[in-house]
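# Observations on the three-dimensional arrangement
Listed below are the residues making up each chain.
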Amino acid sequence: MAQTSPAWQDYAARMADGIVRPESRWHRPLARTPRHLFVPRWWEPGERDGAWAYELCDGAGDTGRWMDIAYDGSLSVITRVGPLHADLATPGAVVPETRPTSSSTLPRLVTQMYQHAFIADDSRTLVTCGSGYGTALACRRLGDQLVTSVDVDPYLIEVARERLAAIGHQPRLEVCDVTGELPGGYDRIVSTVAVPAIPASWLKALAPGGRMVTTLSRTGLLVVADKTPDGGAVGRVAPEAAGFMSTRHGDDYPPAPDDAALWHTARTAEGESVTTGLYPVMRVNSTWDVRSTLELIAPGIEHRMETAEDGSRTAYMLHDDGSWARATAPGARELPTVHQGGPRRLWEELDRIRTWLVIDGDLPISGAAVRIDPDGTCHFERSGWTATIDAK
């Protein structure tokens, strides 16, 4: 479908109306940018033969569905899994369960992040590239000369350059590890890739009073912070939850450590502690506030959950220090029997956080103040509660 077809413009206009008010400076970019050109093919996740997999979809084969997918303002479109980009995959390809490595971020969230950045008409702005769609929005809003877009993947930069040029944009595009040195100085940095800690290079690249908007790996935390005269930054956790793929430094993420023995222990061992949990079993990875708070307090916990044919639910927690927990309940509303082992009681940490939520109605991470040291160490504080993410 050609970019000049009125069909895509109708889709884009409806999407823009659903995301921002007509008088917003982001309405025109949303309504006039052909997102479908940036996602001609994509990976759709789902179960296949009883296992999780990604199936290749080609927009040209079903233009109606292509438009529905591309102009759904609340949908991220996965464009790369493992080392395989959808553009380069064999038609009909199916990839067994692996980690997504690039996507076109949902337009609603991209727009919210740009709004949090409070981008002025003359703001020199660095964005992360991915499919190039977010870069196109920034170009339509600011003009090409003020936009720099970076990605660690040379192919993503190459194809984004082609697709941006096809709609009349030529921003600065650079192959760059966003956690390292940045190619210039900026008034705004907006990252739609999650970082394990705030890179010190961002603080060096930000102009005095400049603003950064980013998410932190393994959390749903969207951090908005302004550079301070001492070279650090201060800000807050935004009310929106946001989850992005984490930064990578090569063609794919490194393989996960072999923790089969510890998972076997978590599934079968009696443990050193057997108790009744305070709350029903929850799917931690489906929350943003509980998961984010837990990651700040006890970083690095892996979660799995199983539901048996009889409706019983079992949640597992595992940490590479050897700690593990298994909580099993006969149903969604019953309290679980909890087995724990290793140096820490992981389920007790989770129950402690959920008790905060019951008593206070929210968690201290919601709206927390953020202070970032010049080296990237990130401090969170609210009502006497504090947490820190050390510089990497």
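Our structure is the block above this text.
This is a predicted model, so every value here is computed, not measured.

## Some thoughts on the environment of Trp-66
- With respect to the element layout, Trp-66 can be found in helix H3 (residues 63–70).
- Classification of Trp-66 by relative accessible area gives buried; the value is 6%.
- Sequence separation of Trp-66 and Trp-42 is 24 residues, and the distance between their C-alpha atoms is 9.7 Å.
- There is a polar contact of 3.4 Å between the side chain of Trp-66 and the backbone oxygen of His-36.

## Description of the layout of surface pockets
- Estimates place the volume of the second largest pocket at around 170 Å³.
- Elements supplying a minimum of two residues to the lining of the second largest pocket: strand E15 (302–307) and strand E16 (313–318).
- Split by residue class, the lining of the second largest pocket holds seven nonpolar, three polar and two charged.

## What about the packing of aromatic side chains?
- Taken as a whole and assessed by the stated rule, the structure comprises five aromatic pairs.
- Their ring planes at 80° and their centres at 6.2 Å tell us that Trp-263 and Tyr-316 sit as a pair that is edge-to-face. Taken together, the positions of Trp-263 in helix H8 (residues 260–268) and Tyr-316 in strand E16 put the pair 53 residues apart, joining distant regions of the chain.
- Among the aromatic residues, ring-to-ring pairing joins Trp-8, Tyr-11 and Tyr-71 into one connected group.
- If you follow Arg-35 out to its NZ or CZ, it ends over the ring of Tyr-133, 5.4 Å from the centre.
- The side chain of Arg-99 reaches across the aromatic face of Tyr-253, ending 4.0 Å from its centre.

## Regarding the sheet that holds strand E17 (residues 324–329)
- Pairing within the open sheet is antiparallel, and its five strands lie in the order E14-E18-E17-E16-E15. The two strands at the open ends of the sheet, each matched to only one other strand, are strand E14 (273–276) and E15. Across the sheet, the mean angle separating the axes of adjacent strands is 15° when strand polarity is ignored.
- Taken together, the six bridges between E16 and E17 define a ladder with antiparallel strand orientation. Paired with Met-317 across the bridge in E17 is Ala-325.

Calculation rules
- Residues numbered from 1 in each chain as written.
- Predicted model: local features only at pLDDT ≥ 70, side-chain atom pairs only at ≥ 80, totals over all residues.
- Heavy atoms only, no water.
- Helix = DSSP H or I, 4+ residues; strand = E, 2+ residues; numbered from the N terminus.
- Buried < 20%, exposed > 50% of the residue type's maximum accessible area, 1.4 Å probe, protein only.
- Polar contact = N/O pair within 3.5 Å; in protein donor to acceptor, adjacent residues only side chain to side chain.
- 1 Å grid on protein atoms, 1.4 Å probe; cavity = no way out; pocket = protein on both sides within 12 Å on 5 of 7 lines; lining within 4 Å.
- Points joined across faces, edges and corners; volume = space filled by probe spheres on them.
- Nonpolar A, V, L, I, M, F, W, Y, C, P; charged D, E, K, R; others polar.
- Phe/Tyr/Trp six-rings, centres within 6.5 Å; stacked < 30°, edge-to-face > 60°.
- Lys NZ or Arg CZ within 6 Å of the ring centre and 35° of its normal.
- Pairing = 2+ DSSP bridges.
- Axes fitted to C-alpha atoms, helices over the stretch in contact; angles between N-to-C directions.

Without other data, these values stay purely geometric and don't point to any function.
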